Amino acid sequence: MSVRTVHPRTSTRRAFSMLEMMLVVTIIGIIAATARPALRLLSDARRIGAVQEVERTLLFARATAMATGNATGVELTPTGMRILTIPALNTAPQPLLGPDGEPRGLPVLDQDQLDFWITRLQDGTGSTVAEATLWFSIDGPPELRATNGTRLGPWTDDARIEIADTGVINIRRVTGALSRE
């Protein structure tokens, strides 16, 4: 009688062929090539949105000052902006509240928004500063005010706000008119 040995079945594993690897790499390259412009468009849209948000807030503050008869300003900081008002003579500035009772503006930006925020701020005296409050009088022109709200006089220079290398907002010292570059 002969003894027969049984060998366990060996499984054969098939490797990827060079053609399959090249096909996968080509598909990934096509996906990456189409996604990059879309991501750039998204980034550009966020930068433009920041410029428009600051411009809208400044226009709103100016219109509010003219409509209410109360000096109104936009406080711009490295981390956000908010609208302030002086509700009566000899009172300190207070945040302007919206219909929901919350302060108007963007008091604190999240990290994604900070990437597209103000890169240079020149106030109404021509000084480059880290933060400033740009005040509008009840007639619309900008004015200089102390931190306690006391009027110091008219601006001596146009203000300039540069946002993330995307846009520049100029505020004219005499009229308070806004223009965008």
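Scroll up a little and you will see the structure.
Residues numbered from 1 in each chain as written. Predicted model: local features only at pLDDT ≥ 70, side-chain atom pairs only at ≥ 80, totals over all residues. Heavy atoms only, no water.

With that out of the way, let us pick up a nonpolar patch on the surface. On the surface, Phe16, Met18, Met21 and Met22 cluster together into a nonpolar patch covering about 500 Å² of accessible area. Position of phenylalanine 16 among the secondary structure elements: in the segment before α1 (18-68). (Patch = residues over 30% accessible without salt bridge, like charges linked within 9 Å, V, L, I, M, F, W, Y side chains within 5 Å. Areas by Shrake-Rupley, 256 points an atom, 1.4 Å probe, with all protein chains shown as cover. Salt bridge = Lys/Arg side-chain N within 4 Å of Asp/Glu carboxyl O. Helix = DSSP H or I, 4+ residues; strand = E, 2+ residues; numbered from the N terminus.)

Over its 51 residues, α1 runs 74 Å from end to end, which matches the ideal 75 Å to within 8%, given 1.5 Å per residue. Among all positions in α1, only Ala50, Val51, Val54, Glu55, Thr57, Leu58, Ala61, Thr64 and Ala65 are buried. Taken together, the buried residues of α1 touch β1 (72-77), β2 (80-85), β7 (132-136), β10 (159-163), β11 (167-171) and β12 (178-180). Note on α1: the residue one or two positions beyond its end, glycine 69, has a positive phi of about 80 degrees. (Expected span 1.5 Å × (residues − 1). Buried < 20%, exposed > 50% of the residue type's maximum accessible area, 1.4 Å probe, protein only. Contact = heavy atoms within 4.5 Å.)

Scanning the entire structure with this criterion turns up nine salt bridges. A salt bridge links arginine 180 to glutamate 55, with the nearest nitrogen and oxygen atoms 2.8 Å apart. Here arginine 180 is found in strand β12, whereas its partner glutamate 55 is found in helix α1, with 125 residues between them in sequence. Judged by its relative accessible area of 14%, glutamate 55 falls in the buried class.

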